[in-house]
Structure formats: structure tokens, C-alpha cells
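# Observations on the model geometry
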Amino acid sequence: MRDLSRLFRPKTIAVIGGGAWCRLVIEQCRKMGFAGEIWPVHPKAEEMAGLPVYAHIEDLPEAPDASFIGVNRFITIEAVRLLSERGAGGAVCFASGFREAQAEDAEGADLQEQLLDAAGDMPFLGPNCYGFVNYLDGALLWPDQHGGHATDKGVAIVTQSSNIAINMTMQKRAVPVAYVVTAGNQAQSGVAHIGQALLDDPRVTALGLHIEGFGDLRAFEDLAAKARAVGKPIVALKVGKSDQAQAATVSHTASLAGGDAGAGALLSRLGIPRLNSIPEFMETLKLLHVVGRLPSNRIASISCSGGEASLAADTAHGRGVVFPELNDRQKTNLREALGPMVALANPLDYHTYIWRDTEAMTKAWAAMMDPDLALTMMVVDFPRADRCDADDWECTVQAAIAAKQQTGANVAMVATLPELLPEDVAERLLAAGVVPLMGLSEAIVACEAAAQPAPEDVPPLCLPTETVSPELVPEAEAKHRLGWHGLRLPNFKRANSSGAARAAAVDLGFPVVLKGEGIAHKTEAGAVALNLMSGREVSDLAAAMPTEHFLIEEMVTGAVAELLIGVVKDPAHGFVMTVAAGGTLTEVMEDSASFLLPATDSMIDNALNSLRVAKLLDGYRGAPAADRAAILRAIRAVEAYVLAKAEGLEEIEINPLLCTPTDAVAADALMRRKD
């Protein structure tokens with residue numbers, strides 16, 4: 001992996017090119033107080049932004065640590081070559097027109113390959129990116145406006161989109177930003193590679209990734225390992241849906257695991273919480289900057305309104321946080337602080353009896369805080385300063401800070417509406433160690449994300465293989481292959497006529513199941529019949545099926561639940577295994593969970609426990625429970641086949657897996673692969 005430290009923390013900066021873009025890079029560095037040297041390079045100009053200009057890269061006093069290349073794509077390639085030959089620390093390639101979204105054989109793709117060759121071992125960002133802002137050292141290889149300011153520590157943000165990067169710097173949420181880096185085309189330095197370099201800076205407290213696509217999966221595994229090693233959390237805003245994962249739509253599995261289930265499974269595997277909006281993303285980063293990962297998902301809320309208390313409870317409903325009941329210590333101290341008229345609960349409405357009494361408010365808020373809580377939220381909305389007198393709200397700021405100082409607890413002040421927590425107030429709170437969270441729903445999501453445990457050490461992904469044109473493997477053959485890897489199967493026989501099917505049924509013994517082979521969705525095609533009790537019934541039904549090849553199986557009875565176990569190859573993320581409610585209602589119930597292979601025991605357990613049908617597996621209303629060990633063996637058998645035979649495999653589906661109190665039997669198996 002190329003070393004990006006000189007590029008991101010330079011002592012010398014070269015600005016190559018002319019015009020407004022390059023002048024802005026120089027001006028931005030000066031505004032931020034960059035202490036190093038800046039060397040403009042232009043073949044004709046004598047000065048730029050008041051600085052003397054070097055005619056050629058070869059004329060520079062020494063190899064620059066960082067270079068902003070603001071020329072057209074053709075000259076960019078030559079500039080990169082010259083910088084690399086001089087031993088420069090790295091470059092930002094501003095120009096567009098390289099690969100972009102063009103075809104592999106387009107001119108831009110060829111130019112991008114030339115750029116990579118020219119760079120050699122020298123790292124660069126882009127092409128087609130704005131570069132980066134280092135707010136810690138005042139180094140801005142950034143040709144546009146931005147909204148940030150100097151800081152001594154903060155969060156780092158990496159995005160493929162320069163425009164989104166600009167917007168994030170313009171936030172008025174008091175998020176302390178240490179770095180903003182854009183990746184552009186990621187021709188050489190990808191999001192994960194950049195993220196690893198930023199985690200090396202001890203002044204970076206947390207990392208936020210805006211991801212359009214993952215690309216190098218091994219690099220993301222390395223990034224997660226690095227984050228574990230240095231103890232810094234990562235969060236992600238993942239956009240886009242994977243059409244590739246939906247390319248195979250033969251099975252129910254492909255439908256359930258379509259879209260971006262693979263992306264979600266990858267982030268979950270890496271221990272990276274996924275946010276769904278920029279406000280959630282920024283608020284979570286802010287919370288992580290101040291307190292790091294929360295020790296649990298147990299939180300408290302205190303406000304002066306019953307409506308706000310109810311809103312807090314409802315907002316948290318269905319999320320991964322809980323409001324635990326008050327303990328005896330909290331009740332005693334709150335009763336002492338608030339008197340007999342306040343109903344004590346969590347979330348708490350403390351009414352307005354103590355409003356403006358900073359000492360009393362401090363006492364009440366501190367009483368709510370408890371060592372068993374991960375975070376206590378004070379819900380406070382400030383009035384508009386341009387139309388109202390906000391002086392009365394100063395008591396809340398002082399009480400929040402005093403309660404934090406008294407207890408040492410994790411404390412947040414939360415505005416139900418983002419605009420009702422002024423930026424200057426937020427910065428005061430932040431400086432005192434109180435987290436200013438803007439938006440109640442964003443605050444709850446941030447708590448949920450911050451409460452996710454640190455990622456576990458997981459085995460390397462089974463990487464997706466080259467996409468092939470698969471064929472449908474006959475069910476009997478699919479079962480035979482999976483059986484060799486430990487999948488429990490019903491006894492079965494194959495037949496090539498209705499008469500042979502009748503004879504096979506007699507040999508197996510009744511009741512039996514009759515299936516037509518070579519048909520993906522047998523139920524819809526009328527190619528499956530259950531619980532047949534006579535040979536004539538078998539032969540008559542076989543004659544009516546749209547095939548001449550049949551599978552006759554023993555009828556497995558006593559199932560307490562039916563599951564689906566499936567695997568789809570997602571070219572973007574790996575092999576996605578899905579467990580779901582099985583049988584004919586799989587897609588109607590939409591009860592599924594996905595993870596990537598190979599899986600840990602906890603991944604499998606978490607997936608099974610998240611299903612609504614988990615109640616059936618555990619024994620519902622006195623019914624016997626399913627054999628969880630047998631279910632795990634079935635899942636591991638499918639996994640073992642995938643890991644051993646990944647080359648050419650596109651998908652597998654077991655549906656249903658009949659889960660009985662003593663066994664888990666694969667009643668039906670679908671496989672598509674190219675041998």
C-alpha cells in the first residue's frame with residue numbers, strides 16, 4: 001500500500017497550472033495558516049497570488065510533498081510523470097475526462113491507464129476530484145470554497161463526490177472536521193486506502209465514509225482491521241443499489257438478496273454502522289468524536305414536556321436502543337430534586353417547576369444520569385434569536401455542563417428540530433464535553449450506531465469469481481453434491497417416466513413426494529405433489545406434469561418450521577447467504593436476513609434470531625422447538641460447498657429446509673453453476 005502521509009500532511013505544496021482554480025488553492029492555504037512553502041508552477045506566469053512562479057516542475061527547489069495538478073487531462077499525465085521521477089510525495093489530479101463512466105475501450109480509459117503508468121509508486125487522488133482539506137495543519141489542496149475552520153482534532157470524512165464533500169464542510173452542526181478527502185475515480189487510491197492513511201493520524205477521532213461502490217474488498221477488510229487495532233470507529237453512508245446482485249432472478253434467494261443486501265452484509269461484517277442520510281451521518285460522527293463507542297444501548301431522556309418525552313419514546317421504538325426503567329437511586333434523587341408533583345419515568349418529563357433555576361436543573365439532570373446508562377439526553381429546543389428572547393435558555397446550557405462535570409457521564413443536549421440548537425451554543429457544549437445533537441430522530445439513530453459493538457475478528461471473505469453463464473443443475477444432482485458436504489437429504493429416487501415414478505414410489509414406501517425435474521419454480525408450474533399415498537396417484541400426477549423426468553422422495557413429516565437457505569454470488573460483495581422463512585410464502589412474508597461467507601457462528605445466530613419465524617424455531621405456545629444444531633449443520637453444509645466449489649457457482653437455494661425437533665432436512669434444492 002502506498003504511503004499517503006506526505007501527501008496528506010505536507011510541508012511543501014506545488015500548485016501546477018494557472019487560472020482561478022489554482023489561485024484558490026493558494027488562497028485557501030493562506031487563509032488556514034499553512035506554515036509550509038507553496039510553489040506555483042506555470043510556464044508563462046511570473047507570479048501567482050503574490051508568489052513567484054516556477055516555469056517547470058524540474059525547476060522546483062526539491063520534490064514537493066503534495067501537488068495540486070490543475071491542468072487538462074493530457075498535461076496531467078506528463079505532470080504526474082515528472083513529479084514521480086522527482087520523488088514527490090503525492091498529487092491531486094483535478095482534471096476529468098479519464099475513465100469516468102465510459103466503456104473500457106474508450107479514450108478516457110486508455111488515458112487513465114497512462115496516468116497510472118506515469119505515477120509509478122507515487123500516490124495520487126482522483127482523477128476528477130477536488131482533492132482534500134487538512135484542517136489540522138492548514139494544508140488545503142482544494143480549489144473551491146469550503147465551510148470548515150482550523151481544529152486540533154476531529155473526524156475524517158472520505159467521499160467519492162466532491163460536491164457532497166463541499167456540502168459536508170458547510171454544516172452548522174459543530175461537527176469538528178479534521179480532514180475532508182475526495183476520491184474521484186479512485187484510479188489508484190480508493191476510499192479504503194485513504195481511510196487507512198487517515199486513521200494513522202492520532203488527531204483523528206473517528207472516520208466517516210461516503211461510499212458509492214466498494215471496489216477492492218480486501219482493502220476494506222484491511223481498513224476494518226486497522227480501525228480495530230487503533231480503536232477508532234468507522235461509520236458509512238452507503239448509496240446506490242446493486243443491479244448485479246439482481247441479475248440472477250431464478251430463485252427466491254436472488255430476490256431476497258437483491259438490491260444492496262450484499263453491501264449491508266459487508267458493512268455489518270466489518271463492524272461499520274450504516275447510516276441512511278447525511279444528517280444521520282454527521283450527528284453520529286459528532287457523537288463518536290466526543291464519547292467514542294457507547295458501552296451499551298441503554299439511554300435516558302429528560303425534557304420539560306410530556307409531549308417531548310412521548311416523542312422520544314416513540315422515536316426510539318423499533319430502534320436498537322432502550323430506555324430502561326429508573327432504579328431506586330434515580331427515583332430517590334429525582335424525587336428530592338423535583339418534589340412530589342412529577343411522575344418519575346424514563347423518558348422523564350420534569351415539567352417547568354425548576355426552569356431558570358440552574359442549580360435545581362443541574363441537580364435534577366445529574367440525578368437522571370446513572371453509571372448503567374450509556375448516554376443521557378436533555379431535550380432542549382432554543383427559540384429563534386431573531387424574533388425571541390433566548391436569554392432564559394442559558395440556564396439549560398449551564399445546567400448541562402455542570403451536570404456533566406458533576407457526574408462524568410456521557411451527556412447530550414438534543415434539539416427535536418435541527419435548527420433549534422444554535423451553532424454557537426453547540427460549540428460551547430462541545431468544548432465542555434456535552435454532545436450537541438441536532439434532530440431527535442438523528443440523535444436516536446446516532447445512539448443506535450454508536451452502541452454497536454466493536455467488530456469481531458472475522459475470516460477473509462470468499463471473493464466473487466468471474467461471472468459466467470450458468471446452467472440449472474438437476475435437483476437430484478444438486479442434492480447429491482450438497483449431500484457430500486453434509487447436507488441432510490430425504491431418501492429419493494429418479495425416474496424417466498410416469499410408470500417408473502410409480503415403481504420408485506413403491507420401493508421408497510408411502511407417503512411420498514413427486515417432483516418434476518428441470519423446473520425452477522415447481523409449485524407455480526404444478527410440478528410438485530405432496531403426501532401421495534398410492535402408486536396410481538403418483539403415475540397419474542406424473543403424467544400431467546410438464547416434464548418426463550421425475551424425482552420421488554420420502555415425505556418428511558413433523559416440521560415445526562420451514563426455512564430457506566440460499567446463496568447468491570454478488571459480483572460487488574462476494575457470496576451472500578440468506579436465511580429466511582421458507583416454503584411457498586417466502587416472498588410474501590419477506591422475513592429474511594443476509595450475511596457474507598464464510599460466516600462466524602454469531603453471524604448465523606444473529607440472522608436466525610432476527611427472523612420473525614424464530615419464535616417457531618424456539619417452540620411457540622408449547623409446541624416443540626426445532627433442532628437448532630441441525631439447522632446450523634445444514635447452513636454449514638451449504639457454506640462448505642460454496643467455499644469448496646466457488647468457481648463457476650452462481651446460486652444455491654434450499655427451500656424448504658424442513659426443521660423438525662430432531663432434524664433439518666433439505667426437501668428441495670436448486671443450483672445454478674457452470675462446471
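Keep in mind the model is a prediction, meaning the values are calculated, not measured.

Conventions we followed
- Residues numbered from 1 in each chain as written.
- Predicted model: local features only at pLDDT ≥ 70, side-chain atom pairs only at ≥ 80, totals over all residues.
- Heavy atoms only, no water.
- Helix = DSSP H or I, 4+ residues; strand = E, 2+ residues; numbered from the N terminus.
- Buried < 20%, exposed > 50% of the residue type's maximum accessible area, 1.4 Å probe, protein only.
- Contact = heavy atoms within 4.5 Å.
- Pairing = 2+ DSSP bridges.
- Right-handed = clockwise from strand over helix to strand, strands pointing away.
- Axes fitted to C-alpha atoms, helices over the stretch in contact; angles between N-to-C directions.
- Core = buried A, V, L, I, M, F, W, Y, C linked by side-chain atoms within 4.5 Å.
- Expected span 1.5 Å × (residues − 1).
- Phe/Tyr/Trp six-rings, centres within 6.5 Å; stacked < 30°, edge-to-face > 60°.
- Lys NZ or Arg CZ within 6 Å of the ring centre and 35° of its normal.
- Polar contact = N/O pair within 3.5 Å; in protein donor to acceptor, adjacent residues only side chain to side chain.
- Salt bridge = Lys/Arg side-chain N within 4 Å of Asp/Glu carboxyl O.
- Parallel < 35°, antiparallel > 145°, perpendicular 65-115°, else oblique.
- Left-handed = near helix turned anticlockwise from the far one by under 90°.
- Nonpolar A, V, L, I, M, F, W, Y, C, P; charged D, E, K, R; others polar.

## Examining the overall build of the chain
Across its full length, the chain holds 23 helices and 30 strands. Each of the three principal axes of the chain carries a C-alpha extent, and together these read 95 × 80 × 40 Å. For the chain, the proportion of its 675 residues judged to be buried stands at 57%. Across the chain, the fraction of contacts at a sequence separation of at least 24, relative to all contacts at a separation of at least 6, is 71%.

## Points about the pairing of strand S17 (residues 375–379)
Most of S17 sits out of view: five of its five residues are buried. Sheet topology note: the strand S15 (residues 299–303)/S17 ladder contains four bridges and is parallel. Following the sheet pairing, Ile302 is matched in S17 by Met378. Examined bridge by bridge, S17 and strand S18 (residues 411–415) share four bridges and lie parallel to one another. Bridge pairing links Met378 to Met413 in S18. With helix H14 (residues 394–407) bridging S17 and its parallel neighbour S18, the resulting β-α-β unit is right-handed.

## Comments concerning the sheet that holds S15
A sheet is described by the order of its strands in space; here five strands give the open sequence S16-S15-S17-S18-S19, paired in parallel fashion. In this open sheet, the two strands that pair with only one neighbour each are strand S16 (348–349) and strand S19 (435–438). Lying over the sheet, helix H16 (residues 440–450) contacts S15, S17, S18 and S19, oriented at roughly 175° with respect to S17.

## What about unusual backbone geometry?
Glycine aside, a negative phi is what most residues show, and trans is what most peptide bonds show. The residue after Gly126, namely Pro127, is reached through a cis peptide bond having omega 0°. Residue position: Pro127 is located in the loop between strand S7 (124–125) and strand S8 (132–134). Of note, the bond from Asn655 into Pro656 is cis; its omega dihedral lies within 30 degrees of zero at 5°. One non-glycine residue, Gln186, lies in the positive phi region at around 55°. The exposure class of Gln186 is partly exposed, given its relative accessible area of 21%. Despite not being glycine, Arg621 has its phi angle at roughly 50°, a positive value. Tracing the chain through its elements places Arg621 in the loop between helix H22 (614–617) and helix H23 (628–644).

## Observations regarding the nonpolar core
By size, the foremost hydrophobic cluster in this structure holds 104 residues, and its most contacted members are Phe8 and Met377. Ranked by residues supplied to this core, first place goes to H16 with eight residues. The contact partners of Met377, leaving out residues within four places of it in the chain, are Ile299, Ala300, Ser301, Ile302, Phe323, Ala412, Val414, Leu440, Ala443, Ile444 and Cys447.

## Some points on H14
Between its first and last C-alpha atoms H14 spans 20 Å; for 14 residues at 1.5 Å apiece the expected length is 20 Å, and the two agree. Within H14 the residues assigned to the buried category are Cys395, Thr396, Val397, Ala399, Ala400, Ile401, Ala403 and Lys404. Among the residues trailing H14, Gly408 stands out with phi positive, at a value near 70°.

## Here we look at the packing of aromatic side chains
Both the distance between ring centres and the angle between the ring planes are used here to describe each pair of aromatic rings. By the definition in use, this model includes 10 aromatic pairs. A ring pair is formed by Phe94 and Tyr130, whose centres lie 5.8 Å apart and whose planes are at 55°; its orientation type is tilted. Placement of Phe94 in the loop between strand S6 (91–93) and helix H4 (107–119) and of Tyr130 in the loop between S7 and S8 is noted, with a sequence separation of 36 residues between them. Here Phe94 and Tyr130 have matching classes, each one buried. An aromatic cluster is built from Trp21, Phe68, Phe94, Tyr130 and Trp142, whose rings are joined through pairwise contacts. Over the ring of Phe492 we find Lys479; its NZ or CZ atom is 6.0 Å from the centre of that ring.

## Overview of the side chain of Arg673
Within the secondary structure, Arg673 sits in strand S30 (residues 669–673). On the accessibility criterion, Arg673 (6% relative accessible area) is buried. Looking at Arg673, its side chain comes within polar contact range of the main-chain oxygen of Lys645, at 3.0 Å. Of note is the side chain of Arg673, whose polar atom sits 2.5 Å from the backbone oxygen of Glu647. If sequence neighbours within four positions are ignored, Arg673 has contacts with Pro470, Glu471, Val473, Arg481, Tyr641, Lys645, Glu647, Gly648, Leu649 and Glu650.

## What about the pattern of salt bridges?
On inspection of all chains with the given rule, the structure shows 34 salt bridges. A salt bridge links Asp675 to Arg481, with the nearest nitrogen and oxygen atoms 3.0 Å apart. With Asp675 in the segment after S30 and Arg481 in helix H17 (residues 475–483), the pair connects residues that are 194 residues apart, well separated along the chain. Owing to a relative accessible area of 67%, Asp675 belongs among the exposed residues under this scheme. Members of the salt-bridge network, linked through shared partners, are Glu475, Lys479, Lys515, Glu553 and Asp668.

## A look at the sheet that holds strand S13 (residues 234–238)
Overall, mixed pairing links the seven strands, which are arranged S9-S8-S11-S10-S12-S13-S14 in an open sheet. At either end of the open sheet lies a strand with only one pairing partner, and these are strand S9 (139–141) and strand S14 (274–275). Judged from the three bridges that link them, S8 and strand S11 (residues 177–182) form a sheet pairing that is antiparallel. Bridge pairing links Phe132 to Val181 in S11. Each of strand S12 (204–211) and S13 touches helix H7 (residues 217–230); the most contacted strand, S12, lies at about 160° to it.

## Some remarks on the packing of helix H6 (residues 191–199) against H7
Direction vectors running N to C along H6 and H7 enclose 15°, while the axes themselves pass 8 Å from each other. In terms of axis orientation, H6 runs roughly parallel to H7. Considering only the axes of H6 and H7, their crossing is left-handed. In this structure, H6 contributes Val191, Ala192, Gly195, Gln196 and Leu199 to the contact, and H7 contributes Ala219, Phe220, Asp222, Leu223, Lys226, Ala227 and Val230. Of the residues belonging to the contact of H6 with H7, the class tally is eight nonpolar, two polar and two charged.

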